[in-house]
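# Coordinates in review
Each chain is listed here by its residues.
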Amino acid sequence: MAGKVILLVEDNSDDVDLTLRAIKRNNIANDVIIARDGVEALDYLFATGSQQGNGRLMPAVVLLDLRLPRLDGLDVLQRMRSDGKTRCIPVVVLTSSKEEQDLVKSYSLGANSYVRKPVDFNQFHEAIRLLGLYWLLLNEPPPIVGSA
Amino acid sequence: MCFHSLEAKGRISTLRSERVLIVEDEAIEALDLQHRLASLGFPTPEIAHSGEEGVRKAEKTRPDLVLLEILLPGNMDGIMAAEKIRSQFEIPVIYLTAYADENTVQRAKMTEPYGYIVKPFQERELNIAIEVSLYKSQMQRKLRESEEIFRGIFESSPIGIAICDSLGRPVSVNKAALEIPGLFEMPGESSMFSDPNLPKEPRERLRNGEPVRFQIAYDFEKAKRLKLYDTRKSGIMWLDMSITPFNTEQKPPGGYLIQFQDITEIKRSEQALTESERLLEILFASIPVSMLVLDKDRRVFEANEAAAQLAGRDMGEMFGLQSGEALQCLHSMDDPRGCGWGPSCVDCKARLAIVDTIESQRSHYQVEWQRPLMREGETKEKTFLLSTVPLPTARNEILVCLENITEQKRVEEELRKARDELETRVQERTRGLKKANEAMDEERQRFNEVLETLPLYLVLLTPDYQVPFANRFFRERFGKSHGRRCFEYLFGRTEPCEICETYKVLKTLAPLEWEWLGPDGRNYYVYDFPFTDTDGSTLILEMGVDVTEQKRAEEALRKAHDELEIRVQERTKELEAFTYSVSHDLRAPLRSIDGFSQALLEDYTAKLDEQGKDYLSRVRTASQRMGQLIDDMLALSRVTRSEMRHETVNMSNVAQAIADELRKAEPHRQIDFTVAQGLTTEGDPFLLRQLLENLLDNAVKFTSKHPSAEIKFGVMRRGGERVYYVRDDGAGFDMSYVDKLFGPFQRLHAPTEFPGTGIGLATVQRIVHRHGGRVWAEGVVEKGATVYFTLGTEG
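Residues numbered from 1 in each chain as written. Chains lettered and ligands numbered in written order. Predicted model: local features only at pLDDT ≥ 70, side-chain atom pairs only at ≥ 80, totals over all residues.

## A look at the overall build of chain A
Of the regular secondary structure elements, chain A holds five helices and five strands. Counting from the amino terminus, helix and strand elements in chain A follow one another as β-α-β-α-β-α-β-α-β-α. Residues classed as buried in chain A amount to 39% of the 148 residues present. When contacts within chain A are restricted to residue pairs at least 6 apart in sequence, those whose partners lie at least 24 apart make up 67%. (Helix = DSSP H or I, 4+ residues; strand = E, 2+ residues; numbered from the N terminus. Buried ≥ 20, exposed ≤ 12 C-beta atoms within 10 Å, placed from the backbone. Contact = placed C-beta atoms within 7 Å.)

## What to know about the overall build of chain B
From N to C terminus, chain B includes 23 helices and 27 strands. Counting only residues that meet the buried cut, chain B has 26% of its 795 residues in that class. Sequence-distant contacts, at least 24 apart, represent 51% of the contacts inside chain B between residues at least 6 apart.

## Points about the environment of Glu488 of chain B
All names here are of chain B. Mapped onto the elements of the fold, Glu488 is located in helix α17 (residues 486-491). Glu488 sits in the partly exposed class, given 17 other C-beta atoms within 10 Å. When the C-alpha positions of Glu488 and Tyr465 are compared, they lie 9.3 Å apart, and in sequence the two are 23 residues distant.

## Let's talk about the interface of chain A and chain B
Of the residues lining the interface, 16 residues belong to chain A; the matching set on chain B comes to 15 residues. At the level of secondary structure, the elements contributing two or more residues to the side of chain A that touches chain B comprise α1 (13-25) and α5 (121-138) of chain A. Ranked by residue count, the leading element in the side of chain A that touches chain B is α1 of chain A, at four residues. Its residues assigned to classes, the side of chain A that touches chain B comprises four nonpolar, four polar and eight charged. (Nonpolar A, V, L, I, M, F, W, Y, C, P; charged D, E, K, R; others polar.)

## Considering α5 of chain A
Residues and elements named next belong to chain A. The end-to-end C-alpha distance of α5 is 24 Å, a good match for the 26 Å that 18 residues give at a rise of 1.5 Å each. Taken residue by residue, α5 has Phe121, Phe124, His125, Ile128, Leu131, Gly132 and Trp135 as its buried positions. For α5, the arc enclosing every buried residue in end-on projection is 125 degrees, short of the 170-degree limit, so these residues lie on one face. Summarising the geometry of α5, the exposed residues directed more than 90 degrees from the buried face are Leu130, Leu137 and Leu138. (Expected span 1.5 Å × (residues − 1). Arc of directions from axis to C-beta.)

## Details of the pairing of strand β11 (residues 290-294) of chain B
All names here are of chain B. Counting buried residues in β11 gives four out of five residues, a clear majority hidden from the surface. Relative to strand β15 (residues 398-404), β11 runs antiparallel, the two sharing five bridges. Residue pairing for β15: Leu292 is matched across the bridge by Val400. (Pairing = 2+ DSSP bridges.)

## A word on the packing of helix α22 (residues 685-702) of chain B against helix α23 (residues 760-770) of chain B
Residue and element names in this part refer to chain B. Where α22 contacts α23, the axes come no closer than 9 Å and their chain directions differ by 145 degrees. Judged by the twist between their axes, the crossing of α22 over α23 is left-handed. Between α22 and α23, the contacting residues are Leu687, Gln690, Leu691, Asn694, Leu695, Asp697 and Asn698 on the first element and Gly760, Thr763, Val764, Ile767, Val768 and Arg770 on the second. Partitioning the contact of α22 with α23 into residue classes produces six nonpolar, five polar and two charged. (Axes fitted to C-alpha atoms, helices over the stretch in contact; angles between N-to-C directions. Left-handed = near helix turned anticlockwise from the far one by under 90°.)

## A short note on the sheet that holds strand β16 (residues 457-461) of chain B
Residues and elements named next belong to chain B. One open sheet holds the five strands; their spatial order is β17-β16-β20-β19-β18, and the pairing between them is antiparallel. Across the chains shown, the open sheet's two edge strands, defined by having one partner strand only, are β17 (469-470) and β18 (512-517). Here six bridges tie β18 to strand β19 (residues 523-532), and the two strands are oriented antiparallel to one another. Looking at β19, one finds that Leu517 is bridged to Asn523. Of the strands in this sheet, β16, β18, β19 and β20 (538-546) touch helix α18 (residues 501-508), which is tilted by about 140 degrees from β20.

## As for the sheet that holds strand β4 (residues 93-97) of chain B
Residues and elements named next belong to chain B. The five strands are arranged β2-β1-β3-β4-β5 in an open sheet whose pairing can be described as parallel. Each edge of the open sheet carries a strand with a single partner, namely β2 (46-48) and β5 (115-118). Taken over all neighbouring pairs, the strand axes of this sheet differ in orientation by 20 degrees on average, direction set aside. Of the pairings in the sheet, the one linking strand β3 (residues 65-69) to β4 comprises four bridges and is parallel in character. Directly across from Leu68, in β4, lies its bridge partner Tyr95.

## Considerations on the environment of Asp631 of chain B
Examined against the element boundaries, Asp631 of chain B turns out to sit in helix α20 (residues 610-641). Separated by 128 residues in the primary sequence, Asp631 of chain B and Ile759 of chain B have C-alpha atoms spaced 9.9 Å apart.

## Here we look at the pairing of strand β27 (residues 784-789) of chain B
Residue and element names in this part refer to chain B. Relative to β27, strand β25 (residues 721-728) runs antiparallel, the two being bridged by four bridges. Residue pairing in the sheet places Tyr725 in a bridge with Tyr788 of β27. Bridge analysis of strand β26 (residues 775-780) against β27 gives six bridges, and the strand direction is antiparallel. Each bridged residue has a counterpart across the sheet, and for Val775 the counterpart in β27 is Phe789. The antiparallel hairpin formed by β26 and β27 contains three residues in its connecting segment, where Glu782 sits at a positive phi of about 65 degrees.

## Let's talk about the nonpolar core
With 42 residues, the main nonpolar core has Ala655, Leu691, Leu692, Leu695 and Leu696 of chain B as its most contacted residues. Counting residues per element, the ones that place at least two in this core are α20, α21 (651-665), β22 (670-675), α22, β24 (708-718), β25, α23 and β27 of chain B. In terms of residue count, α22 of chain B provides more of this core than any other element does, nine residues in total. The residues contacting Ala655 of chain B, other than those within four sequence positions of it, are Val675, Leu692, Leu696 and Phe713 of chain B. Counting residues in hydrophobic clusters, the runner-up holds 36 residues, among them Ile33, Val61, Val76 and Val91 of chain A. (Core = buried A, V, L, I, M, F, W, Y, C linked by C-beta atoms within 7 Å.)

## Some details on unusual backbone geometry
Residue and element names in this part refer to chain B. Going from Lys119 to Pro120, the amide bond is cis rather than trans, its omega being -10 degrees. Its place among the elements puts Pro120 in the loop between β5 and α6 (123-156). Even without glycine at this site, Lys227 takes up a positive phi of about 55 degrees. Here Lys227 shows up in the loop between α9 (220-225) and β9 (236-246). Although it is not a glycine, Gln328 sits at a positive phi angle of roughly 60 degrees. Relative to the assigned elements, Gln328 resides in the loop between α12 (323-326) and α13 (330-334). You can call Gln328 partly exposed: it has 17 C-beta atoms within 10 Å.

## Section: the packing of α1 of chain A against α5 of chain A
Working note: a packed helix pair is described by the angle between its axes plus the distance between those axes. All names here are of chain A. Relative to each other, α1 and α5 sit at 60 degrees, their axes nearing to 9 Å. By the criterion of interaxial angle, the relationship of α1 to α5 is oblique. The interaxial crossing formed by α1 with α5 has right-handed handedness. Where α1 abuts α5, its residues Leu18, Thr19, Ala22, Ile23 and Arg25 lie against Phe121, Phe124, His125, Ile128 and Gly132. Along the lines of polarity and charge, the residues of the contact of α1 with α5 split into six nonpolar, three polar and one charged. (Parallel < 35°, antiparallel > 145°, perpendicular 65-115°, else oblique.)

## Things to note about the confidence of the model for chain B
Residue and element names in this part refer to chain B. Residues with a pLDDT of 70 or more make up 96% of chain B, whose mean pLDDT is 85. Of all the helices and strands in chain B, helix α1 (residues 5-8) carries the lowest mean pLDDT, 43, while β27 carries the highest, 93. In the model, residues 1-10 has pLDDT below 50 throughout and makes nine contacts with residues more than four positions away in sequence or in other chains. Per the prediction output, this complex has pTM 0.38; the corresponding ipTM is 0.73. (pLDDT = per-residue confidence, 0-100.)

In structure tokens:
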């Protein structure tokens, strides 16, 4: 499991903390990279802007919130799927929204999974556990195309 | 030589008018002759000196007498010249000559001179010769004229005349004698005695020299067979013939004068007359009309069979009968004085007619006469049509005809009565009809007033675009037609409009409604009907309602509606945005509250006493409940906003599936689900599932305090409507709060008692309403609740 990073795209710091807490308490040891908005997420993924030449690892999974400042989650997803380097990276949409249109758009843009953040922390905790188990352990990630 | 001249002197001669021409080559003799003639009182004669000159002058001057010398020089001597003058100009000639040898005298005689004077001659001789010549010439002229007259009469007479010789052969015939028997020429050889048509008896008498006259039916065929002559006539011709022999001292007579006339036509009309007389007699005897000929004393001169019958007498008794008796008028029979003395005879039409006709001999009467009294045995008076006619005879007779018209009168009378009755009935009917007409007129007038006051226009149009009727509304809007056609006075066109809705009706013969923008700029809603006029012709009845205001209001309404629609759409968008943000944004802090409360409980459990832990638990419960509230609220709004689909939904299957899930979710509970099978409907599958979920979920929830539960999904019919219901035997509710049941966030139980946000039934109601149905509930506390719903148009 080591060497696989998780990219968490989330603007709400409470949610970031709660997510990290859930990850930690579920004994998921992977590094979590946090992007506070869509632009930061893309900068990380394409080593642009503040992340220029970061020599980063491509994430094993991206946990993507939809409502983000500057560039929102669906735009991030679209950009990822339109670029060969990020096209195959699993993206799990993790959001408060249960709107049908968000679901439809996410899947049609190539989201691999859609999870609604429950209000009940116990349930949220359980959701993170299952995600980690599935995407980091069970799921075989696509070969890493490049790390330039 | 003028040795006569002395004698002539002193004589007074009477003046003569006859002109004399002298032809004498000796100039002295010619002058002497001229002198002598002048002294005899003749106008001075012309003188010619040769034969040729004599002929020329005779032709030119036409003298009454020529004195001519026989011995003349030149080619033409006196005798030759005389011959010419006599024959060509018929002028008498007296020869003068000194020679009188026998030969010359003989030659001269041949020229039939009027005189012959040998020179020298006495004046007296000359005078006598001239007188004799002129007299002879005059006599001869008269004879000639009389012959001509006679010949003219002979020729032009319409009577055929033939003069025959002693053998009876025609010597001379006139034109009529050829024309009557159709001859082409006079038959020269055939004698009248060889004609077989000449009867025997006259032949004898003619030979004895007696004249005869007779009429014969002359048969041309007989004459033709014997080839007596050529004729174009054939058959029989009646001839009136008279033959007179002349020179009767001889035996047989010297000749015959035959005269004849065609009397065929006369014969024929005589015959016809005889026949018609006979016919008339028969007619008179056999005609069923009583006929009497009365003399001027009104006595019967003649009567026919019918008249005798009328009089009740034999034919023989009729003659001399007084007219009143002949007519069987009892007035005249009872009164010894006869006709005219009865009490009503003054007015007797029959008597007046007869008397007047006899007296005037002019009048024709035709009168109806009712025989005044009845004879014994007669049951009815008889009526006669009596006619009188004066007869064209010398004795002033009149003809009286009587026709019994009693029966005819009776029939006439009956007819008259029938006609009178009919007339009365017709009059009654007419009165009734008149009343009806008046009522109808009144009705019509009322109807007309109604038409005139209608607040819509009404016109009648003919197929040739005339406008025979337009009510006041129409006239006020569009003016009067004044006989112009619709397109002329409404639109100022010369041709009918290319497109005309109105006249479509004539083709389809079906009513039509359409909207019309009139020439006055107003909108009309127009109704056209095919309309049959009273005479059977097809018209169009058009009515138009002015809908301008209505149109404007509609337009305004439509605009308002459109604006509202836009605003609603905008609002909906806003609402959607709001909902979205609520769903996303409100949940995040709740998660934080819940998450960090949990973190506190986990990480700082040692530092918290029991109350602190309880508070944190309450914070968590509240936040979770709020999350549920938000979700439910969003769900409810989605019910309203989401697009409706229409599919066939098997309600039974859906309910069964939900029931199965619910039973799995509550494995420890004793729940008895009953689901009616085979219920399908049209609707939105997602919403209908949500509807049943809510209801069944509620049923499970509100039966949770009971050890066992019976939950039933079924259907019933009420008022022709399909009513679904979900029934449980749980906590039920107080019916006094039934109004609050379907309001959002309205709850009849505390959340601690039964969990829930109060959104379920509100959602149910919205789903039912979106399907056009109704929802209601019944409940009894602790006895259970039933929620009923219908789904709109379902039968």
